[in-house]
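# Report on the structure
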Amino acid sequence: MKGLIFIELLKMAGLTFGEDQVDNILNSITLPSSGFYTAMGYYDCSELVILVDAFSRLSDVAKPDLERQFGHWVMDAFKTGYPDFFDKPDNALDMLEAIENNINIEVRKLYPDAELPSFKEIRKGHACLNLEYISKNLFVHFYHGLIEWCFEKYRQTEQIDMIDYSSNGMSHAQFYISNNEFRRRA
């Protein structure tokens, strides 16, 4: 996993818990990288799991909730760093559909060694999208947060139902997403 993600987690934790608490956590856990990350470096996802677990214990925020918060945080950071990716879609469902065929292609150009999740989407009219997520990284709730962020960005309301099929070290989830605003207009 790219170091950029680790750096963003540490930024979020620093603002949320304070730099001293982040240092205490980093000193209390064993990480192959020793907690030193570069944006272009590559690090095993297991380190991110260890960090999220530690910050979850520190904050008494359940790990799934912390992952979702981190999903929001990362999308804010990506929007700031790569605004062109976010300007083209007209609504949240269009944005989510663009991930696999547009955004991931561009990310692979910038970071050819990045291990990106796979998204398979099936649009169900204007109001619904079924999104299947598959990844080697165990962060289903992180991607749930990314989906929520898309709806916040477009100031749309949504209903997200998730079924988590993850097992044997692989993330696999099905998201059933309804854009409530489009549904009301139909």
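Since we're looking at a predicted model, the values are computed, not measured.

## Observations regarding the overall build of the chain
Helix and strand counts for the chain stand at 8 helices and 4 strands. Over its C-alpha trace the chain gives a radius of gyration of 17 Å, about what one expects of a compact globule, namely 16 Å for 186 residues. Based on the C-alpha atoms only, the size of the chain along its principal axes is roughly 55 × 35 × 35 Å. Taking all 186 residues of the chain together, 48% fall into the buried category. In the structure as shown, the chain presents an accessible area of about 9,700 Å², 52% of it carried by carbon and sulfur atoms. Of the side chains in the chain, 18 bear a positive and 28 a negative charge, and the two mean positions are spaced by 6 Å.

## Some words on the pattern of salt bridges
Note that side chains of opposite charge can pair when their charged atoms are close. Summed over all chains, the structure comprises 5 salt bridges. The salt bridge partner of Lys-63 is Glu-67, with a shortest N-O separation of 3.9 Å. Of this pair, Lys-63 and Glu-67 both sit in helix 4 (residues 63-81), separated by 4 residues, roughly a single helical turn. For Lys-63, a relative accessible area of 24% puts it in the partly exposed group. Relative accessible area serves as the criterion here: at 4%, Glu-67 is assigned to the buried category. Between Asp-65 and Arg-68 there is a salt bridge, and its shortest N-O distance comes to 3.9 Å. Placement of both Asp-65 and Arg-68 in helix 4 is noted, with a separation of 3 residues, approximately one turn of the helix.

## Observations regarding the side chain of Glu-67
A distance of 3.5 Å separates a polar side-chain atom of Glu-67 from the backbone nitrogen of His-141. Separated by 3.4 Å, the side chain of Glu-67 and the backbone nitrogen of Phe-142 make a polar contact. If we ignore the near neighbours within four places in the chain, the residues touching Glu-67 are Val-52, Leu-138, Phe-139, Val-140, His-141 and Phe-142.

## Digging into a nonpolar patch on the surface
On the surface, a nonpolar cluster with roughly 270 Å² of combined accessible area is contributed by Ile-163, Tyr-165 and Tyr-176. Its place among the elements puts Ile-163 in strand 3 (residues 158-164). For Ile-163, a relative accessible area of 37% gives the class partly exposed.

## Looking at the sheet that holds strand 1 (residues 118-124)
On the basis of which strands lie adjacent, the open sheet formed by 4 strands has the order 1-2-4-3 and antiparallel pairing. Single-partner strands in this sheet number two, and they are strand 1 and strand 3. The average angle at which neighbouring strand axes cross in this sheet is 15°, direction not considered. When strand 2 (residues 128-135) meets strand 4 (residues 171-179), the two strands line up antiparallel, connected through 8 bridges. Among the inter-strand pairings, Tyr-133 is bridged to a residue of strand 4, identified as Ala-173. The strands that helix 6 (residues 92-110) touches are strand 1, strand 2 and strand 4; relative to strand 1, the one it contacts most, it runs at about 140°. Here helix 7 (residues 140-153) sits on the sheet and contacts strand 1, strand 2, strand 3 and strand 4; the angle it forms with strand 4, its principal contact strand, is near 20°.

## Looking at the pairing of strand 1
Successive side chains on a regular strand alternate, one facing one side of the sheet and the next facing the other. Sheet topology places strand 1 next to strand 2; 7 bridges connect them, and they run antiparallel. Considered in strand 2, the bridge of Glu-121 is made with Leu-131.

What counts, and where the lines are drawn
- Residues numbered from 1 in each chain as written.
- Predicted model: local features only at pLDDT ≥ 70, side-chain atom pairs only at ≥ 80, totals over all residues.
- Heavy atoms only, no water.
- Helix = DSSP H or I, 4+ residues; strand = E, 2+ residues; numbered from the N terminus.
- Rg over C-alpha atoms; globule rule 2.2 N^0.38 Å.
- Buried < 20%, exposed > 50% of the residue type's maximum accessible area, 1.4 Å probe, protein only.
- Areas by Shrake-Rupley, 256 points an atom, 1.4 Å probe, with all protein chains shown as cover.
- Lys, Arg positive; Asp, Glu negative; His and termini not counted.
- Charge placed at Lys NZ, Arg CZ, Asp CG, Glu CD.
- Salt bridge = Lys/Arg side-chain N within 4 Å of Asp/Glu carboxyl O.
- Polar contact = N/O pair within 3.5 Å; in protein donor to acceptor, adjacent residues only side chain to side chain.
- Contact = heavy atoms within 4.5 Å.
- Patch = residues over 30% accessible without salt bridge, like charges linked within 9 Å, V, L, I, M, F, W, Y side chains within 5 Å.
- Pairing = 2+ DSSP bridges.
- Axes fitted to C-alpha atoms, helices over the stretch in contact; angles between N-to-C directions.

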